[in-house]
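Structural overview
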Amino acid sequence: MQKQTRVRFAPSPTGFLHIGGMRSALFNWLFARKSDGVFMLRMEDTDRERYVPEAVKQIKDSHDWLGLTPDESAVQSERLDIYKQHSEQLVENGQLYRCWCSPERLDKLRETARAARQPFKYDRHCLTSPGDPDKPHVLRFKIGDTPKSIAWDDAVRDHMEFETGDLDDFVCIKTDGYPTYNFANVVDDHEMEISHVMRAEEFLASTPKHLLLYAAFGWEPPVFAHMPQVLGPDGKSKLSKRHGAQSVLEYRDQGYLPDAIINFMAQLGWNEGSGSTKEIYSRQELIEAFTLERIQKSPAIFDPERLTWLNGVYIRSLAPSELAKLSEPFWSTEAKSSSSEHKLQILGLIQERLKFLAEIPELTDFFFTDPDPKALKQFGKLQPSESKRLLEASLEVLGKSTFEHDSLEKALRALADELDVKTGALFGVLRIAITGKVAAPGLFETMVALGEDSTLRRLKAATSALR
Ligand code: GLU
């Protein structure tokens, strides 16, 4: 019988989780869903010096928000007994040995290695002259004396091979009793019956150590799939804060939609292949199309503009009521007291242009606050006297027109003819006077949404400001 697919995302809560890290979670989740398997979230929190408690919540909230809910979860710091038992087993069979060397001594060894341009390798001092087992010590893995090669067939990188001669007797249990990443990771992947280890390429170099541990325990290793790095927009270095990479929750707070983020991340290092140009996938489509074979080897590049574009696509596809619901937290204080109908009407005017929901206050402020009456001086293309002439004439016409879209349009088009100016010039002047902006939603729709009183008040204020 084929083993059940069990995968895990195993972040170390040492900082905020950004799109690059979350991409690993997504690929694991997609693979689990595709194979009717289990997706697990495992907090690898054994590095107590770098541990950031808020990161744990941030990681969980990011999963919840994106809908990548784990089927199972585990926390390594709650499993210390298990690592201890396993380490004792390897001490007994001679694979692990105690080491009492002080950080100062190790620093010196490192310094000497650096000076000789050699990779650092622990000199096994404590293997030949052991200390007192009751005194604080670490447990190191004894790499065999005869160098051999360690190979595996990676589901993404194909055949991989490393020499043990390059490896140091790495630490498995630290002086504080906590396991290192390498040790806890292997014990857990085995104990949790992980079938596929899908993780970022930066862990490739750790895999030989992991394979040595599997062999020392006599366990069968899982399938490894090392996913390509996500580079910053410069295409040079790993995506980081420096590139403006934000935490997943910052995207939530800016009004990005979970589906847009999922779609974007899915294409960071994976594509459907066979010349597919499909850009927008539903979750279900991603689950169906996803395969390990189509994870690419070459690095992915994070393109923030593509993410913003994609989010705009998703926003445009929302039903008005859905957009209204999602927008609720984003309105400015001035807008908060407006009726839901009014807000719905305004959203209808900006939905086409909206790229993320935090843009709402900026795109709609003029609906709630009168603009600077002097805006025409700043942005207007015409002479002030000409602008003034157009505004005065418009005020006269508007006073007589019913305040509905078609009548307003008809009256103002007729006015442009009568004054012998281009409609673009007339509408431009009116748009700036009414909104304070050069780019705004359709003029007549805006006038209707503002209502007659506000529109006329703004036109009068702008006229008086043009002296
Ligand atoms: N805890 C490792 C990290 O920091 C996980 C590596 C793995 O998935 O094996 O991402």
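Residues in close proximity to the ligand include Arg8, Ala10, Ser12, Glu44, Tyr181, Asn185, Arg199 and Phe203, which together make up its full environment. Here an oxygen atom of the ligand sits 2.8 Å away from a polar atom, N or O, in the side chain of arginine 199. Protein chains bury 84% of the 300 Å² of accessible surface belonging to the ligand in isolation. Here the residues of the shell around the ligand are counted per class, giving three nonpolar, two polar and three charged.

One pass over the structure, following the stated rule, counts 30 salt bridges. Between arginine 48 and aspartate 45 there is a salt bridge, with its nearest N and O atoms 3.6 Å apart. Using a relative accessible area of 4% as the deciding quantity, one classes aspartate 45 as buried. Salt-bridge contacts for arginine 105 lead to aspartate 123; the nearest nitrogen and oxygen are separated by 2.6 Å.

Now for the environment of tyrosine 178. Secondary-structure assignment places tyrosine 178 in the loop between strand E8 (171-173) and helix H6 (181-191). With a relative accessible area of 18%, tyrosine 178 lands in the buried category. Filtering out sequence-adjacent residues up to four positions away, tyrosine 178 remains in contact with Thr46, Arg48, Ser77, Leu80, Cys172 and Ile173.

To continue, consider helix H11 (residues 304-316). Between its first and last C-alpha atoms H11 spans 19 Å; for 13 residues at 1.5 Å apiece the expected length is 18 Å, and the two agree. Of the positions making up H11, those classed as buried are Arg306, Leu307, Thr308, Leu310, Asn311, Gly312, Tyr314 and Ile315. Looking at the packing, one finds that the buried side of H11 touches helix H8 (248-253), helix H9 (258-266) and helix H12 (320-327). Here H11 starts with a cap whose side-chain oxygen sits 3.0 Å from the backbone nitrogen of glutamate 305, and that cap is aspartate 303.

Thresholds, definitions, all that
All chains use their own residue numbering, which begins from 1 and follows the written sequence. In keeping with the model being predicted, local features are shown solely for residues with a pLDDT of at least 70 and side-chain atom pairs are shown and tallied solely at 80 or more, while totals for entire chains, interfaces and linings include all residues. Hydrogens and water molecules were not included; the side-chain quantities draw on all heavy atoms of the structure. For each residue, the test is whether any non-hydrogen atom lies within 4 Å of the molecule or strand; if one does, the residue is near. Whenever two N or O atoms come within 3.5 Å, that pair is a polar contact, provided that in protein one can donate a hydrogen and the other can accept it, and provided that, for residues adjacent in sequence, both atoms are side-chain atoms. For the area figures, the Shrake-Rupley method with a 1.4 Å probe applies, and any residue is considered shielded solely by the protein chains shown. The residue classification treats Ala, Val, Leu, Ile, Met, Phe, Trp, Tyr, Cys and Pro as nonpolar and Asp, Glu, Lys and Arg as charged. All others, Gly included, are polar. Basic side-chain nitrogens of Lys or Arg form a salt bridge, by our definition, when they fall within 4 Å of a carboxyl oxygen of Asp or Glu. Only protein chains enter the area calculation, which uses a 1.4 Å probe; residues under 20% of their type maximum are buried, those over 50% are exposed, and those in between are partly exposed. Helix and strand definitions here come from DSSP, where helices need a minimum of 4 consecutive H or I residues and strands a minimum of 2 consecutive E residues; each element is numbered from the N-terminal end. Residue contacts follow a heavy-atom distance rule, with two residues in contact if any of their heavy atoms lie within 4.5 Å. Helix span is expected to be 1.5 Å times the residue number reduced by one.

By themselves, these figures tell us nothing about what the structure is for.
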